[in-house]
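Inside the fold
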Amino acid sequence: MRTHLHRIVTGVVIGALMGGLYAWFGQAINGLLLPGVPLKPGGGDSLLEYILKYTFSGALLGGVASFPESKWLGTVLGGFSGALGLTLLGTLSLQGGEERTLGMFIMLFYLFLPLVVLYLPFAYLVRLGVSSQIPDQDHPELWARRYLVPLGLLLLVFVISLFSIYGRSERKAFQIVNQLIQQSRASSSVQALPASFQSVQGYWENAQGEYTLWLSDRVDLFMGPQPANSPLSQFLIVAKFENGFQFACIFQGEQTIVPYCTNYSYEP
């Protein structure tokens, strides 16, 4: 009983650390690459909420993966539970009726199954970390794995977090919007605002105080002219001020120098 409880607690701790450190590493690196830009993690969460979300998700998945005595059964259960949890969260945003039925069908085949494949390695790594903390009476010479395996997992999490770094076009877009906001604060009238902001209703009156910027792919909700090229390379930089005022600017890769901006009310 004590061994079983110890295994679950260890799995929860390892999963929480892996999830939290992944979120923190990615945001810390983005912050270093974009100094002076008030970044907010994708999805509109605050930095603390973003890290806690990944920490709790990792802890939950780690606990499920560590519950069975079998390492492989735990890996499968952890992968399926992680994918199921994220898929269920996605269905909460769906409306009722046929749209909800169709949306759940699409999520099952296009979101759930790929997520299972994504979460299975995470669950396996958690079990690997758990196993390293259980002394092997038959092989006492393997004592060093108790420290080497967690160190290896830490390095692996850091490497994986590098894939969450914003690309060059996204970083350039963040800098453009941030510079435009700073320029607008020196404007003496609505007519003196940067051209990109003159189409944003209420900007002069409401764009006051601190603000944050985040990246969004919800180009379908952008209520303004869009570049003529493929929408697959389009993205939004959303700005939100402390008083709730919000707008978005649309970009087409690195081609956009003077973006079109307009009011934007969607917030996940």
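The text that follows walks through the structure, step by step, so that each part is easy to find. Nothing here was measured: the structure is a model prediction, and the numbers come from that model.

Criteria and cut-off values
- Residues numbered from 1 in each chain as written.
- Predicted model: local features only at pLDDT ≥ 70, side-chain atom pairs only at ≥ 80, totals over all residues.
- Heavy atoms only, no water.
- Helix = DSSP H or I, 4+ residues; strand = E, 2+ residues; numbered from the N terminus.
- Buried < 20%, exposed > 50% of the residue type's maximum accessible area, 1.4 Å probe, protein only.
- Areas by Shrake-Rupley, 256 points an atom, 1.4 Å probe, with all protein chains shown as cover.
- Expected span 1.5 Å × (residues − 1).
- Contact = heavy atoms within 4.5 Å.
- Pairing = 2+ DSSP bridges.
- Axes fitted to C-alpha atoms, helices over the stretch in contact; angles between N-to-C directions.
- Disulfide = S-S within 2.5 Å.
- Core = buried A, V, L, I, M, F, W, Y, C linked by side-chain atoms within 4.5 Å.
- Polar contact = N/O pair within 3.5 Å; in protein donor to acceptor, adjacent residues only side chain to side chain.
- Phe/Tyr/Trp six-rings, centres within 6.5 Å; stacked < 30°, edge-to-face > 60°.

Next up on the list: the overall build of the chain. Counting secondary structure elements, the chain contains 7 helices and 4 strands. Each helix (α) and strand (β) of the chain, taken in turn from the N terminus, gives the series α-α-α-α-α-α-α-β-β-β-β. Counting over 268 residues, the chain shows a buried share of 40%. Working note: accessible area of the chain is about 15400 Å², and carbon and sulfur atoms make up 65% of it.

The next subject is helix H2 (residues 47-66). Compared with an ideal rise of 1.5 Å per residue, which puts 20 residues at 28 Å, H2 spans 28 Å between its outermost C-alpha atoms and is within 8% of the ideal. Of all the residues in H2, the buried ones are Tyr50, Ile51, Thr55, Gly58, Ala59, Leu61, Gly62, Gly63, Ala65 and Ser66.

Quick look at the environment of Val177 now. Note that Val177 resides in helix H6 (residues 168-184). Residue Val177 is classed as buried on the basis of its relative accessible area of 0%. Sequence separation of Val177 and Ala248 is 71 residues, and the distance between their C-alpha atoms is 9.2 Å. With sequence-adjacent residues up to four places away left out, Val177 is seen in contact with Phe197, Leu213, Ile237, Cys249 and Phe251.

Another point: the sheet that holds strand S1 (residues 211-216). Read from one edge of the open sheet, 4 strands run S1-S2-S3-S4, paired in antiparallel fashion. For this open sheet the edge positions go to S1 and strand S4 (260-263), each flanked by a neighbour on one side alone. In this sheet, neighbouring strand axes are inclined to one another by 25° on average, regardless of whether the strands run parallel or antiparallel. Of the pairings in the sheet, the one linking strand S2 (residues 234-241) to strand S3 (residues 246-252) comprises 7 bridges and is antiparallel in character. Bridging from a neighbouring strand, Ala239 pairs with Phe247 of S3. On the sheet, H6 packs against S1, S2 and S3 and is oriented at approximately 150° with respect to S1.

On inspection of all chains with the given rule, the structure shows 1 disulfide. Residue Cys249 pairs covalently with Cys261 via a disulfide, S to S 1.9 Å. Its S-S torsion of about 105° marks the bond between Cys249 and Cys261 as right-handed, since a negative value means left-handed. Here Cys249, found in strand S3, pairs with Cys261, found in strand S4; they are 12 residues apart in sequence, far enough to count as distant.

Quick look at the nonpolar core now. Counting residues in each nonpolar core, the largest one holds 25 residues, and the members touching the most others are Ile181, Tyr203, Leu213 and Phe247. Going through the elements one at a time, H6, S1, S2 and S3 are the ones with two or more residues in this core. In terms of residue count, H6 provides more of this core than any other element does, 6 residues in total. Tyr203 has contacts with Ile181, Ser184, Leu193, Phe197, Phe241, Phe245 and Phe247, leaving out every residue within four places of it along the chain.

Turning to the side chain of Ser66, a few remarks are in order. Note that Ser66 resides in helix H2. For Ser66, a relative accessible area of 0% gives the class buried. Polar contacts involving the side chain of Ser66 include one to the main-chain carbonyl oxygen of Gly62, which spans 2.8 Å. Not counting residues within four places of it along the chain, the set of residues in contact with Ser66 comprises Arg7, Ile8, Gly11, Val126, Arg127 and Val130.

Here we come to the packing of aromatic side chains. Under the criterion given, the structure shown has 17 aromatic pairs. For the pair Phe197 and Phe247, a centre-to-centre distance of 5.1 Å together with 65° between the ring planes defines the contact as edge-to-face. Of the two residues, Phe197 sits in the loop between H6 and helix H7 (203-206) while Phe247 sits in strand S3, which places them 50 residues apart along the sequence. Note on Phe247: relative accessible area 0%, which makes it buried.

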